[in-house]
Amino acid sequence: DSGVTQTPKHLITATGQRVTLRCSPRSGDLSVYWYQQSLDQGLQFLIQYYNGEERAKGNILERFSAQQFPDLHSELNLSSLELGDSALYFCASSVGTASQHEQYFGPGTRLTVT
Amino acid sequence: GENVEQHPSTLSVQEGDSAVIKCTYSDSASNYFPWYKQELGKGPQLIIDIRSNVGEKKDQRIAVTLNKTAKHFSLHITETQPEDSAVYFCASYTGGFKTIFGAGTRLFVKA
């Protein structure tokens, strides 16, 4: 158990809908990262937050947005969903200092868009 | 742009043999190189990492080597066991605060 929690575990929704994925980092970690893993694909970095502020952006679509709250939990919002958005979404956390990048991953949320 | 290439995509070895997975990165500013193991239905788990000021690091049966000049790093697993079967990802942490992952290697260890 990495200490990172993600909810829900599974999500099934229809095209055009909007969903919110939630992540709670390990105790003491200030950075939260979001990744997308499509079937048989590697991990695509979406976005990173550090202590409430956006730190880095990857290949995140404009239909997707994220935020990190004062209690450090994070939410990833996916809107106008398309079939191609079906994937595993992972959250990871790290201490977040400049010299410590070790990321600890949650169990993921499996999103199915029908 | 930033890229990490990982080979092979699939690797099958006999129990007790060694397994080697290789990665090449493109961003010369990359300074941190983790390796992750992902078992079916689980999130990736960090198994070993290396920083750019170190050439080799070992942890029991797992070792990682880094060649900064060639922008190349490798994972070595010795005395493989069936429980080593999983997908392994290499990654590089770039100067732009991004972690770029390789496409993954599916390792099968046959008993």
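Residues numbered from 1 in each chain as written. Chains lettered and ligands numbered in written order. Predicted model: local features only at pLDDT ≥ 70, side-chain atom pairs only at ≥ 80, totals over all residues. Heavy atoms only, no water.

(A) Representation of the layout of surface pockets in the model. Here the second largest pocket is characterised by a volume of approximately 350 Å³. Around the second largest pocket, the lining comprises 16 residues; the ones closest to its centre are Asp1, Ser2 and Phe105 of chain A together with Gly43 and Gln45 of chain B. Counting residues per element, the ones that place at least two in the lining of the second largest pocket are strand E10 (104-105) of chain A together with strand E5 (45-51) of chain B. Looking at side-chain class alone, the lining of the second largest pocket contains 6 nonpolar, 6 polar and 4 charged residues. (1 Å grid on protein atoms, 1.4 Å probe; cavity = no way out; pocket = protein on both sides within 12 Å on 5 of 7 lines; lining within 4 Å. Points joined across faces, edges and corners; volume = space filled by probe spheres on them. Helix = DSSP H or I, 4+ residues; strand = E, 2+ residues; numbered from the N terminus. Nonpolar A, V, L, I, M, F, W, Y, C, P; charged D, E, K, R; others polar.)

(B) Geometry of the interface of chain B and chain A. Contacts between chain B and chain A engage 20 residues on the former and 20 residues on the latter. Counting the surface chain B buries against chain A, the share from its top three residues, Pro44, Phe97 and Phe101 of chain B, is 29%. Connecting chain B to chain A are 1 salt bridge. For Arg51 of chain B, the salt bridge goes to Glu102 of chain A, with nearest N and O atoms at 3.0 Å. In this structure, the connection of chain B to chain A is made through 4 residue pairs in polar contact (both at pLDDT 80 or more). Taken together, the elements giving at least two residues each to the side of chain B that touches chain A come down to strand E4 (32-38), E5, strand E9 (86-93) and strand E10 (99-101) of chain B. The class makeup of the residues in the side of chain B that touches chain A is 9 nonpolar, 6 polar and 5 charged. (Contact = heavy atoms within 4.5 Å. Buried area = accessible area lost by both parts, 1.4 Å probe. Salt bridge = Lys/Arg side-chain N within 4 Å of Asp/Glu carboxyl O. Polar contact = N/O pair within 3.5 Å; in protein donor to acceptor, adjacent residues only side chain to side chain.)

(C) Layout of the environment of Asp1 of chain A. Of note, Asp1 of chain A is situated in the segment before strand E1 (5-7). The sequence separation of Asp1 of chain A and Tyr104 of chain A amounts to 103 residues, and the corresponding C-alpha distance is 9.6 Å.

(D) Spotlight on the sheet that holds strand E7 (residues 64-68) of chain A. Residues and elements named next belong to chain A. Reading across the sheet, the 4 strands line up as E1-E3-E8-E7 and stay open at both edges, with antiparallel pairing between neighbours. Each end of this open sheet is capped by a strand with a single partner; those strands are E1 and E7. For this sheet the average axis-to-axis angle between neighbouring strands, irrespective of direction, equals 15 degrees. Relative to strand E8 (residues 74-78), strand E3 (residues 19-24) runs antiparallel, the two being bridged by 5 bridges. (Pairing = 2+ DSSP bridges. Axes fitted to C-alpha atoms, helices over the stretch in contact; angles between N-to-C directions.)

(E) Broad picture of the side chain of Ser30 of chain B. Residue and element names in this part refer to chain B. Secondary-structure assignment places Ser30 in the loop between strand E3 (19-25) and E4. Relative accessible area serves as the criterion here: at 5%, Ser30 is assigned to the buried category. A distance of 3.0 Å separates a polar side-chain atom of Ser30 from the backbone oxygen of Asp27. (Buried < 20%, exposed > 50% of the residue type's maximum accessible area, 1.4 Å probe, protein only.)

(F) Broad picture of unusual backbone geometry. The residue after Thr7 of chain A, namely Pro8 of chain A, is reached through a cis peptide bond having omega -10 degrees. Along the chain, Pro8 of chain A turns up in the loop between E1 and strand E2 (10-13). The omega torsion of the bond from His7 of chain B to Pro8 of chain B falls at -5 degrees, within 30 degrees of zero and hence cis. Structurally, Pro8 of chain B is set in the loop between strand E1 (4-7) and strand E2 (10-14). Backbone geometry places Lys71 of chain B, a non-glycine residue, at a positive phi of 55 degrees.

Function cannot be read off these values alone, since they describe shape.
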